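For reference, the chains in residue letters:
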Amino acid sequence: MSSGRILILTNRVPFPLNDGGNLAMKAMVDGYNANGWDVFLLSMNTKRHYVPAATLAKIYRNTVAFETVDIDNSVRLVPLLTNFFFSKEPEHAVRFNDKAFAKKLSEVLATFKPDVVQVESLYLSAYMPVIRQYKSIKTVLRLHNVEYQVWQRLAEETANVLKKLYLHNLAKRIKHFEERIWKEYDLLLPITHNDEGMVKQMVADATTYVVPFGIDTKKIFQPKSVEDWTGYHIGAMDWLPNREGIEWFLEEAWPLIRKQVPDFTFAFAGRNMPQSFPDMHIDGVACAGEVPDAEAFIADKKILIVPIRSGGGIRVKILEAMAAGKVVISTAVGMQGIDAKEGKHYLKADTAITFAEAVKWCMEHKAEAERMGEEAKKLIINHYNLSVIAQGLSEKLLGLKG
């Protein structure tokens, strides 16, 4: 017997499964399926993250239906400047407002008749008027992060004066947009308690339920290949916090690491890798670009390096690394929202010097670092188990459905 019918809207096709956002979406679909929900996945197939029809036919086949709408929401200079000078709305929200998607959404609402519509991006909230035509539908917004914080931190990290001005302005717009939009939903799903606290500060009466990224422990704890004590990072390089974090790490931290631990090596990979990275040709550093198999890339590497200095939400790659017993060296921002203790589950490094010290400690205290990895694995088993998280969310939505 079905628990209910849920329509999930995404602002891109959640594939390939090599970045945190896509993995989180896949886990969400799997969780609903495991708890008896009929899932309809409706995704924008954007020009920037385009997935060809042949691939679409092979993915998300465990849903009642999976359909996409091709849209071109590329950033264009004239509309961007027009928005900056003549609008109060964030330019991101405008770019995702598409007539063809609105039409398709109307058709799906009429035929699928969902009990719940879950929106996976703040910027798809432009379609709330379409959804609200059906009074019985409950609406849910998943907060992968508090969006304005991402842009605010980027602005603070930016040296270019004009870019800093633009980013501060954008962060302010997004904050106002978030505060207004959050009030329109029946339920908000932040992925960290920190984000939930921010929501409550801005919208005191918002109904929230924290849903962290869940790890399928049955799959992640399978035996892995022998790991080398090398460092790695993997993440979408078209996400600005990832790109700027790696740039900072290579320019500031890597020379110190290389000096203190000459034999240590570092490899990084990610979708939409800027050509500037492989062109660097840095001793001890390997840029793999976009890899076809993320698991294979990380399997033989022991130390995850997370030099993220802006952004929000949970780093899915950190949770996966911890679940596999790897050692994590991360900034405080990178660990934001993860219930882990510094020195017990991970090593914190916020400066170039502390990154070098952390790497050196790992290489000189491998037995202790191994134990840290095992403690991290226990944390994931106890607090980030997908089946437990998915069951709790299902029960929350059943109560919402009433």
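Structure: see above.
Keep in mind that what you see is a predicted model, and the values were worked out from it rather than measured. (Residues numbered from 1 in each chain as written. Predicted model: local features only at pLDDT ≥ 70, side-chain atom pairs only at ≥ 80, totals over all residues. Heavy atoms only, no water.)

**Student:** Let's hear about the sheet that holds strand S5 (residues 138–143): which residues, and what values?
**Tutor:** Taken in spatial order, the six strands of this open sheet run S3-S2-S1-S4-S5-S6, and their pairing is parallel. Taken across any chain shown, the strands that pair with only one partner, and hence form the sheet edges, are strand S3 (65–71) and strand S6 (187–190). For this sheet the average axis-to-axis angle between neighbouring strands, irrespective of direction, equals 20°. One ladder, built from seven bridges, connects strand S1 (residues 4–10) with strand S2 (residues 37–46); its direction is parallel. (Pairing = 2+ DSSP bridges. Helix = DSSP H or I, 4+ residues; strand = E, 2+ residues; numbered from the N terminus. Axes fitted to C-alpha atoms, helices over the stretch in contact; angles between N-to-C directions.)

**Student:** Run through the packing of aromatic side chains, naming residues and quoting values.
**Tutor:** Inspection of every chain in the model, using the stated rule, returns 14 aromatic pairs. Pairing phenylalanine 249 with phenylalanine 355 gives two aromatic rings, centres 5.6 Å apart and planes at 75°, and the pair type is edge-to-face. Linking phenylalanine 249 in helix H11 (residues 240–260) with phenylalanine 355 in helix H14 (residues 352–364), this pair joins segments that are 106 residues apart in sequence. Put simply, the rings of Trp248, Phe249, Trp254, Phe264, Phe266, Phe268, Phe277 and Phe355 pair up and form one aromatic cluster. Here lysine 301 stacks its cationic end above the ring of phenylalanine 297, 4.3 Å away from the centre of that ring. When the ring centre of tryptophan 248 is taken as reference, the NZ or CZ atom of arginine 309 above it lies at 4.3 Å. (Phe/Tyr/Trp six-rings, centres within 6.5 Å; stacked < 30°, edge-to-face > 60°. Lys NZ or Arg CZ within 6 Å of the ring centre and 35° of its normal.)

**Student:** Describe in detail the pattern of salt bridges, supporting the description with residues and values.
**Tutor:** With the rule as written, the count across this model stands at 21 salt bridges. Salt-bridge contacts for aspartate 72 lead to lysine 47; the nearest nitrogen and oxygen are separated by 4.0 Å. Placement of the pair is aspartate 72 in the loop between S3 and helix H3 (77–86) and lysine 47 in the loop between S2 and helix H2 (53–56), with a sequence separation of 25 residues. Since its relative accessible area comes to 55%, lysine 47 is described here as exposed. Taking the shortest distance from any N to any O, the salt bridge between glutamate 120 and arginine 142 comes out at 3.5 Å. Of the two residues, glutamate 120 is situated in the loop between strand S4 (116–119) and helix H6 (128–131) and arginine 142 in strand S5; the sequence distance between them amounts to 22 residues. A single salt-bridge network, built from bridges that share partners, covers Glu227, Lys302, Lys326 and Glu370. (Salt bridge = Lys/Arg side-chain N within 4 Å of Asp/Glu carboxyl O. Buried < 20%, exposed > 50% of the residue type's maximum accessible area, 1.4 Å probe, protein only.)

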